[in-house]
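What follows is the residue order along each chain.
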Amino acid sequence: RNALEAVQRAGTHFSVQQTSGGRATSLVRRGRSSLVLGPDPLVYVDGARTDGFGSLLEIHAGAIRQIRIYNGMEGTRFFGSGGGNGVIVVLTHHGG
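**Looking at the nonpolar core**
Item 1. If you look at the biggest cluster of nonpolar residues, it comprises 10 residues: Ala 3, Ala 6, Val 43, Val 45, Leu 56, Ile 59, Ala 63, Ile 64, Ile 88 and Val 90.
Item 2. Listing elements by their share of this core, those giving two or more residues are helix H1 (3–10), strand S3 (42–45) and strand S6 (87–92).

**A closer look at the packing of aromatic side chains**
Item 1. The full count for this structure, using the stated rule, is 3 aromatic pairs.
Item 2. Aromatic pair Tyr 44 and Phe 79: ring centres 5.3 Å apart, planes at 35 degrees, arrangement tilted. A residue pair is termed long-range when its members are at least 10 positions apart, and Tyr 44 in strand S3 and Phe 79 in helix H2 (residues 72–79) qualify at 35 residues.
Item 3. You can call Tyr 44 buried: its relative accessible area is 18%.

**Details of the environment of Thr 76**
Item 1. Within the element layout of this structure, Thr 76 appears in helix H2.
Item 2. Judged by relative accessible area, Thr 76 falls into the partly exposed class, the value being 30%.
Item 3. If we ignore the near neighbours within four places in the chain, the residues touching Thr 76 are Ser 81, Gly 83 and Gly 84.

Quick notes on the rules
Residues numbered from 1 in each chain as written. Predicted model: local features only at pLDDT ≥ 70, side-chain atom pairs only at ≥ 80, totals over all residues. Heavy atoms only, no water. Core = buried A, V, L, I, M, F, W, Y, C linked by side-chain atoms within 4.5 Å. Buried < 20%, exposed > 50% of the residue type's maximum accessible area, 1.4 Å probe, protein only. Helix = DSSP H or I, 4+ residues; strand = E, 2+ residues; numbered from the N terminus. Phe/Tyr/Trp six-rings, centres within 6.5 Å; stacked < 30°, edge-to-face > 60°. Contact = heavy atoms within 4.5 Å.

Next up, the structure:
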């Protein structure tokens, strides 16, 4: 298990799209998406912005202390216009 699976369980607002082999290919917010920024949410791990959902594949589920998901207006309020498609904040036991 990894953090991507944990995010999918924690928030029904995100959908993990997978290939036929079961490997995750994208994580998108259900509903509307930003035309400028695309459908992907912002992802922060231990306070640092990452390159996207792929970084969640590298975090073992046992290392996660907390996952916080901000959607819509809440994401925009705390993270600016980039948060409009949602924001996933992951805190690990060893990082934060």
